[in-house]
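Chains, contacts and geometry: an overview
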Protein chains: 2
Amino acid sequence: MSDGAQFRQVSPVRLYQRIVEQIEQAIARGDLKPGQRLPSERELVSQFGASRPTVREALRVLESNGLVRSRPGDPNGPEILPFSSAGLAKEMTRLVQFDNVSMAELISFRMILDGSASLLAARLRSEEELSAMEQTLAVMSDAIEVGYEEFSKADVAFHEAVAVASRNSLIEVCNQVVRGAVLSLISDKVSHAGNSTALMRESLHHHQEVLEAIRAGDGLAAARISRRTLYDYYAGYVPESEQGPLLALVEKEDT
Amino acid sequence: MSDGAQFRQVSPVRLYQRIVEQIEQAIARGDLKPGQRLPSERELVSQFGASRPTVREALRVLESNGLVRSRPGDPNGPEILPFSSAGLAKEMTRLVQFDNVSMAELISFRMILDGSASLLAARLRSEEELSAMEQTLAVMSDAIEVGYEEFSKADVAFHEAVAVASRNSLIEVCNQVVRGAVLSLISDKVSHAGNSTALMRESLHHHQEVLEAIRAGDGLAAARISRRTLYDYYAGYVPESEQGPLLALVEKEDT
DNA sequence: TGAGCTTACTGGTCAGGCCAGTTATAGCGA
DNA sequence: TCGCTATAACTGGCCTGACCAGTAAGCTCA
């Protein structure tokens, strides 16, 4: 290791990147708030001293990152969008698709997130949050008669309510994303195989147990049950050779 | 709810988006593997039947998402990059910056991830992985004399080794990202305040305890200790009024 | 055979232009 | 005066064509 000056690798910075940076920072600093408008492209051209194609490249990048939205003909210019987790979801979906993340890893991660959410919810939930969860379970119960589609929607709503009660938006977002990834991967199989009233009743029962533990403030139980619920529900989609990590999570406090 | 046809909101799809989609899908399908090259911009122009600015907008978006890289003058065309979690990290950093995710939430999330990683590592680790962890601790021990910079690097390496042993790349990546976010948020304070040999020794001791639990295969203890270690280390950066969720995680099995 | 130069490409950037769409506004009619 | 409508001035989407500074392959010459 030399003790002289440390040089970092340099990379040529494209003009459009400088523009992206400037606008990103303006948003990060709060100079530009959601709902506010950017100047028109032609105006930006003169402000940045770049050509229109260059400015447009910058806007397309910002747009694809969900920071702004341009509508043709809008005289007010591109709109600054409120933050959304869509970008995060997209990135995580890519992670799953490209980086060969296995089904087992996904479900394992979901068990961790959902279990933690239940634990935190049991210890932090307010009365309003509790009744919100109760309500989603009521919807779930009714939905059994309607069909799997509705049931699944209520299921998601319940987990969402738990995540909200955990008071941690990272858990909320990540759980949402991972849940989406899992569901999209098994959607073809489940839409037919899962349309069983008995299975739905069983699932509902599990969810009621989780809710009961949350109501009782028993975080450990809530976490354990919610992990096991997920395991029971999804283990069938995981090859036996990869079930080790899943079992490691359900056996957690079984001794 | 009508029982007729369901119409979804439509939004005009830009030309550049179609190009992005096609290339993204080609990569997702595996038709384009990392290291392979895309045709030159002018060649893409004729393949897609779009103009160069449009093709360039697509390439800029792909580039900003970390999927490809263009170098001026390269006769082989833009390169398909291997997957990297940089994009995920960027999105999560944005989540923290824009969506007012508090320090408490970040640390809480980190405790969950790191705790789960330790738990899984305790139950799944191989001998090689165990000795890899031991080695990082040895480096950490030596680094105390060198300085905080080195120590911190070895610290990260240890957590990384644990995450690898958890056999779950989602944990690995997310933990990495969240750790980066936490560190970048407190970097200014810690670089001076943390340069204490005593603190480093204490931190090292905690890490040794975690490793011991992992070696013993005691997942619950490993998780508990690693959560507590993080709490002790970072609680000072969290206002007291927001420490509830953190305490909810360390008191987990204290009764 | 090897070193150096040339050339044919690459991507980065710009200028200018056309088109379809949106909207504010001016003007019209009641 | 008020409400509606038609227009005009803008917007972004997209294209053509061009210039420049690089790169690297291939050619030439020693």
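Residues numbered from 1 in each chain as written. Chains lettered and ligands numbered in written order. Predicted model: local features only at pLDDT ≥ 70, side-chain atom pairs only at ≥ 80, totals over all residues. Heavy atoms only, no water.

Turning our eyes to something else, we now look at the domain arrangement of chain A. When its domains are assigned, chain A resolves into domain 1 (15-80) and domain 2 (86-250). Its C-alpha centre places domain 1 of chain A at a distance of 38 Å from the equivalent point of domain 2 of chain A. (Domains from an automatic or database assignment.)

Looking now at the protein's contact with DNA strand D. In the vicinity of DNA strand D, 27 residues are found, and the nearest of them are Glu-41, Arg-42 and Arg-52 of chain A together with Ser-51 and Thr-54 of chain B. Within the side chain of Arg-60 of chain A, a nitrogen or oxygen atom sits 3.1 Å from a phosphate oxygen of DNA strand D. Between DNA strand D and Arg-52 of chain B there is a distance of 3.3 Å, counted from a base nitrogen to a side-chain nitrogen or oxygen. Its residues assigned to classes, the surface near DNA strand D comprises 8 nonpolar, 8 polar and 11 charged. (Near = heavy atom within 4 Å. Polar contact = N/O pair within 3.5 Å; in protein donor to acceptor, adjacent residues only side chain to side chain. Nonpolar A, V, L, I, M, F, W, Y, C, P; charged D, E, K, R; others polar.)

What follows deals with the interface of chain A and chain B. Across the contact, 54 residues belong to chain A and 54 residues belong to chain B. Both faces combined, the contact of chain A with chain B buries some 5,100 Å², and carbon together with sulfur accounts for 65% of it. At the junction of chain A and chain B, the tally comes to 4 salt bridges. Ionic pairing is found between Arg-14 of chain B and Glu-63 of chain A, a salt bridge with its closest N-O pair at 2.8 Å. (Contact = heavy atoms within 4.5 Å. Buried area = accessible area lost by both parts, 1.4 Å probe. Salt bridge = Lys/Arg side-chain N within 4 Å of Asp/Glu carboxyl O.)

Turning our attention to the packing of aromatic side chains. Residues and elements named next belong to chain A. Evaluated as defined, the whole model comprises 4 aromatic pairs over all chains. Judged by centre distance (5.1 Å) and plane angle (80°), the ring pair of Tyr-233 and Tyr-234 falls under edge-to-face. For Tyr-234, a relative accessible area of 5% puts it in the buried group. (Phe/Tyr/Trp six-rings, centres within 6.5 Å; stacked < 30°, edge-to-face > 60°. Buried < 20%, exposed > 50% of the residue type's maximum accessible area, 1.4 Å probe, protein only.)

Attention now goes to the side chain of Glu-129 of chain A. All names here are of chain A. Structurally, the position occupied by Glu-129 is in helix H6 (residues 127-146). Residue classification places Glu-129 among the buried residues on the basis of a relative accessible area of 16%. Here Arg-167 takes part through its side chain, which lies 3.1 Å from a polar atom of the side chain of Glu-129. Residues in contact with Glu-129, not counting those within four places in the same chain, are Leu-124, Val-164, Ala-165 and Arg-167. (Helix = DSSP H or I, 4+ residues; strand = E, 2+ residues; numbered from the N terminus.)

To continue, consider helix H3 (residues 52-64) of chain A. An α-helical turn contains 3.6 residues, so a residue and the one three or four places further along point in the same direction. Residues and elements named next belong to chain A. Helix length check: H3, at 13 residues, gives a terminal C-alpha distance of 18 Å against a target of 18 Å (1.5 Å per residue), a fit within 8%. Listed as buried for H3 are Thr-54, Val-55, Glu-57, Ala-58, Leu-59, Arg-60, Val-61, Leu-62, Glu-63 and Ser-64. Following H3 by one or two positions, Gly-66 adopts a phi angle in the positive range, close to 75°. (Expected span 1.5 Å × (residues − 1).)

Attention shifts here to the protein's contact with DNA strand C. Near DNA strand C you find 25 residues, and of these Thr-54 of chain A together with Ser-40, Arg-42, Arg-52 and Arg-56 of chain B are the closest. Take Glu-41 of chain B: an N or O atom from its main chain is 2.9 Å from a phosphate oxygen of DNA strand C. Between DNA strand C and Gly-73 of chain B, the relevant distance is 3.3 Å, taken from a base oxygen to a main-chain nitrogen or oxygen of the residue. Mapped onto the surface near DNA strand C, the elements with two or more residues apiece are H3 of chain A together with helix H2 (41-48) and helix H3 (52-64) of chain B. At 3 residues, H3 of chain B tops the list of elements feeding residues into the surface near DNA strand C. When grouped by side-chain class, the residues that make up the surface near DNA strand C number 7 nonpolar, 7 polar and 11 charged.

Attention shifts here to the relation of the copies chain A and chain B. Rotating chain A by 180° and moving it 0.0 Å along the rotation axis overlays it on chain B with an RMSD of 0.3 Å. What we have between these two chains is a two-fold relation. Here 98% of the contact residues of chain A are again contact residues in chain B; the copies associate through an equivalent surface. (Least-squares fit on C-alpha atoms with pLDDT ≥ 70 in both.)

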